[in-house]
Amino acid sequence: MPVSQYDSIIVGAGLNGLAAGVVLAKAGWKVLMFESQSEPGGAVRTAEVTLPGFRHDLYATNLNGFATSQLFHDFGADLRRLGLEFVRASNAFCSVFPDGDMVGVTTDLEETISEVRRLSAADAEAWRALTERFRRMADYVFPVMRQPMPSWGTLRTLLRGTRALGTRWPIGLFALLMTSQREFVTRHFRHPKIAALWAAWGMHLDFAPEVRGGGLYGFIQCMSAQANGLHFGKGGASVVVDALARLYCELGGELRCSSPVAEIVVENGRAVGVKLSGGELIAARHGVIANTTPTVLFGKLIKAGVSRRLARKAQRYRYGPGTMMIHLALSQLPQWRNSRAASFAYVHVAPSLEIMSRAYDDASHGRLPAEPVLIVAQPTLFNASRAPHSRHVLSIQVRVLPSRLDWDTVKEEYADRLLALLERYAPGVRQQIVGRCVLSPVDLERANPNLVGGDNLSGSHHLAQQFIFRPFLGWSRYRTPVRGLYICGASTWPGAGVTAASGYLLANLLTQTADQPPSTGMSTPVT
Ligand SMILES: Cc1cc2nc3c(=O)[nH]c(=O)nc-3n(C[C@H](O)[C@H](O)[C@H](O)COP(=O)(O)OP(=O)(O)OC[C@H]3O[C@@H](n4cnc5c(N)ncnc54)[C@H](O)[C@@H]3O)c2cc1C
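About the cut-offs
Residues numbered from 1 in each chain as written. Predicted model: local features only at pLDDT ≥ 70, side-chain atom pairs only at ≥ 80, totals over all residues. Helix = DSSP H or I, 4+ residues; strand = E, 2+ residues; numbered from the N terminus. Rg over C-alpha atoms; globule rule 2.2 N^0.38 Å. Contact = placed C-beta atoms within 7 Å. pLDDT = per-residue confidence, 0-100. Pairing = 2+ DSSP bridges. Axes fitted to C-alpha atoms, helices over the stretch in contact; angles between N-to-C directions.

Description of the overall build of the chain
The number of helices and strands found in the chain is 17 helices and 19 strands. The C-alpha radius of gyration of the chain comes to 23 Å, within 12% of the 24 Å expected for a compact globule of 527 residues. By its C-alpha atoms, the chain is 70 × 55 × 45 Å across when sized along the principal axes. In the chain, once contacts between residues fewer than 6 apart in sequence are set aside, the share between residues at least 24 apart is 73%.

Quick look at unusual backbone geometry
Note: most residues except glycine have negative phi, and most peptide bonds are trans. Backbone torsion omega between Arg 399 and Val 400 reads -5°, so that peptide bond is classified as cis. Note on placement: Val 400 falls in strand β17 (residues 392-401). Omega for the peptide link from Arg 470 to Pro 471 comes to -10°, which places this bond in the cis form. Mapped onto the elements, Pro 471 comes out in the loop between α16 (441-447) and β19 (485-487). Even without being glycine, Ser 390 reaches a positive phi, approximately 60°.

Focus: the confidence of the model for the chain
In the predicted model, the chain carries a mean pLDDT of 96, and the fraction of residues at 70 or more is 97%. Throughout residues 515-527 the model reports pLDDT below 50, and contacts reaching past four residues in sequence, or to other chains, amount to 23 contacts.

Regarding the sheet that holds strand β11 (residues 270-276)
Strand pairs in the sheet, formed through backbone hydrogen bonds, run parallel or antiparallel to each other. The sheet built from 3 strands is open, its strands ordered β10-β11-β12 with antiparallel pairing. Bordering the open sheet on either side are β10 (261-267) and β12 (281-283), each of which pairs with just one other strand. Averaged over all pairs of adjacent strands, the angle between their axes in this sheet comes to 30°, without regard to strand direction. Pairing between β10 and β11: 6 bridges, direction antiparallel. Bridged to Ile 264 within β11 is Val 274.

Things to note about the packing of helix α8 (residues 181-188) against helix α10 (residues 214-228)
Direction vectors running N to C along α8 and α10 enclose 65°, while the axes themselves pass 7 Å from each other. Seen from α8, the contacting residues are Gln 181, Glu 183 and Phe 184; seen from α10, they are Gly 214, Gly 215, Gly 218 and Phe 219.

Here you go:
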């Protein structure tokens, strides 16, 4: 290995790689980051993939996780200075139903309650009580997700919560964690449409109605969207990435795009640097951070220097089902059967728990679901400049699908079937399409090796692979068994989403525990 010029090398400029880079560079570390793609961002990217002037969020679009992140809290002023702007939709989400009905959730609680009361007075009271429960516990649940797992900070937060809310609170939280969405919604709601409205959020992750853990995740997702509305990036989600990349470079970090790392070099049990596809070797004094999943890290990037047992263990990391993205350029907004749906950021086509369960079961058994969940995002409703005058972009995230299938052969025909399904809720939508781009699960993985089998979460979030078990017991604080080799990203605590939390937490752990001081001040601290 040549003499090291860098304190740390980061493989992958996804949101977490960038977050780690910003925190390390701010602390004065000399950091070099490699990205295979021509642009940073990974699963956060905006591009004109249908027609010129139509800006589609190819993958993530809901930026609530970033807007409420610790990284944004710490660096928000700089990120705004460097171009980050959000557009907040207060009409957050709704569900549409085959009989033409719809139920919507906005940031105005009374508006939502009266919407729910239209279907069931008892459910309206239950909704109010759950909102109140969320308000009480938010101060003690979200901080846990912003701290390393496990950590004294986590424990202190839970103890604080117990002191404030009583000893029944942690027991209730544990019970919620052990609950499936079906158990949760059956306990709280009587009307099947309200149950479906709530449970659709579990399908954003891999929580089919019957899967344990869905109770907590559905609760957090649904109530956060109600509390915060939905944040889009102004101009597209990549404004987040662009601002982060600029800040990182401004702080002295180096970013090389179109530069895939071929190998992470391990010598004497320690990660010492990387090898690029052209053969160039670059050393890192303090170690290498991989913004990849464990199977990518130990299956593709580490070719020697670790035991077979460790390599085999990494392959046991489990992925969830696949996702498809259908991006549409439209001549006008969809004419929803229920016109009120036209004012919501997300429209869920997920009309019953049975349909969600069947979709999950089909996908898990390699069958194409006849009625998967469609998460329809309408960003131009809130940010018209993302499409030419009076035109619109629409994205449909399809949940959930088989990972392994001859997707190149079936994807367009399957997308046609899904648009026919959408047409039942938005008649005439197919006539309004002026351009389309379909990304199958295989396309997702081709664009980003972390999206294995098109799993948009980079690994299942079922309880056996979450909290201290993400990605494996003993790795949740981002250290791997190889010295100097760290892992961050969606496959690590706290999991998928645009929170940038794992990169942020890892970098803070590194700067707090560095056994050697970083090289001298290459960066220009931003105040
Ligand atoms: C279709 C889809 C929709 C989503 N929607 C939402 C949403 O609306 N809201 C939300 O909160 N979350 C959403 N998510 C999840 C969220 O986008 C991701 O969890 C998050 O962006 C993952 O970030 P990451 O840091 O793990 O890195 P990734 O995005 O996985 O990026 C890793 C980067 O590393 C690069 N890389 C990998 N190997 C190498 C190598 N050898 N050399 C160099 N570079 C390499 C890759 O090219 C990639 O750019 C969605 C995800 C997908 C796929």
